[in-house]
Amino acid sequence: MSKGILARKVGMTQIFTPQGTSVPVTVLEADTCRVVQRKTVGSDGYEAVQLGFGDKAVKRTSKPMRGHFKRAGLQPQSRLKELRDPGDVTVGARLSVDMFTAGQRIDVTGVSQGKGFSGQHKRHNFHRGPVSHGSHNIKQAGSIGSTDAARVFKGLKMAGQHGATQVTVRNLEVVRVDTERNLLLVHGSVPGHKNQVVMIRDSDRSASIGAQA
């Protein structure tokens, strides 16, 4: 069984430990996370739940999706994500951050901030060329051709769209759980801009480490 919840990235701040050390944290708010649908092996071929986050206007929801949310007894949701092997949860239930505890390790998945069209140095962390003796290839990508094929192979690291892709940051630590306001304070940064909806799950890495121990 894996625990998971959808949350909104509120932003970053810092808190202080009893020893006076400053800890950077990301604040995640999960107040509107609901269980929309439960999928079973008999009907869908696998076990999962569909989670919804954020209310959506009915007039902006298609008719089939209105019926989908109506069966769950919920207002249309703006974001939907699936969680495998969720355990015993009820359709229509509101999920809370109390499923997590301080000190627990989690994985956070979200869409990274888009950087637009970027050069190969920024996009792939390339090194610059020589800057002395009249060199003119300081920002050049280097050779992209081939000796025999006489063409450029697909998949070469070049300039192009940077960011705006799904990213998972693993093994983050939960610093504090605020059940009254349904907030999670996570050590470090998580993918995405402010108000980005992210998926929070148990860290599979911490589970494997515990099994080896």
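Scroll up a little and you will see the structure.
A brief report on the enclosed structure follows.

Definitions and limits used
Residues numbered from 1 in each chain as written. Predicted model: local features only at pLDDT ≥ 70, side-chain atom pairs only at ≥ 80, totals over all residues. Heavy atoms only, no water. Helix = DSSP H or I, 4+ residues; strand = E, 2+ residues; numbered from the N terminus. Buried < 20%, exposed > 50% of the residue type's maximum accessible area, 1.4 Å probe, protein only. Contact = heavy atoms within 4.5 Å. Pairing = 2+ DSSP bridges. Axes fitted to C-alpha atoms, helices over the stretch in contact; angles between N-to-C directions. Polar contact = N/O pair within 3.5 Å; in protein donor to acceptor, adjacent residues only side chain to side chain. Core = buried A, V, L, I, M, F, W, Y, C linked by side-chain atoms within 4.5 Å.

**Quick notes on the environment of V27**
With respect to the secondary-structure elements, V27 resides in strand β2 (residues 22–29). Accessibility expressed as a relative area gives 13% for V27, which makes it buried. In this structure the C-alpha to C-alpha distance between V27 and V190, which are 163 residues apart in sequence, comes to 9.6 Å. In this view, V27 contacts R8, K9, V10, G11, T13, L183, L184 and L185; residues no more than four positions away in its chain are not counted.

**Topic: the sheet that holds strand β3 (residues 33–39)**
Read from one edge to the other, the open sheet built from 3 strands follows the order β3-β4-β5, with strand pairing classed as antiparallel. In this open sheet, the two edge strands, each paired with only one partner strand, are β3 and β5 (77–84). Sheet twist, expressed as the mean angle between neighbouring strand axes with direction ignored, is 25°. Across 6 bridges, β3 lies against strand β4 (residues 48–55) in antiparallel orientation. Along β4, the bridge assignment pairs R34 with G52. The strands that helix α2 (residues 63–72) touches are β3, β4 and β5; relative to β3, the one it contacts most, it runs at about 95°.

**A short note on the side chain of T61**
Summarising the element assignment, T61 is placed in the loop between β4 and α2. Residue class for T61 comes out buried when judged on its relative accessible area of 5%. Looking at T61, its side chain comes within polar contact range of the main-chain oxygen of A57, at 3.0 Å. Sequence-distant contacts of T61, that is, excluding residues within four places in its chain, are made with K56, R66, F69 and P76.

**Considering the side chain of K9**
With respect to the secondary-structure elements, K9 resides in strand β1 (residues 4–16). There is a polar contact of 3.1 Å between the side chain of K9 and the backbone oxygen of V190.

**Section: unusual backbone geometry**
In most cases, non-glycine residues show a negative phi, while peptide bonds are predominantly trans. One non-glycine residue, A150, adopts positive backbone phi at about 55°. Mapped onto the elements, A150 comes out in the loop between α3 (120–124) and β8 (160–162). The phi angle at N182 is positive, at roughly 55°, despite the residue not being glycine. Looking at the secondary structure, you find N182 in the loop between β9 (166–178) and β10 (183–187).

**Quick look at the nonpolar core**
Within the largest apolar cluster, 25 residues are counted, with the highest numbers of intra-cluster contacts made by L28, L51, I106, L184 and I200. Breaking this core down by element, the ones donating at least two residues are β1, β3, β4, β6 (105–111), β9, β10 and β11 (197–202). With 6 residues, the next largest nonpolar core counts V23, V25, V27 and L183 among its residues.

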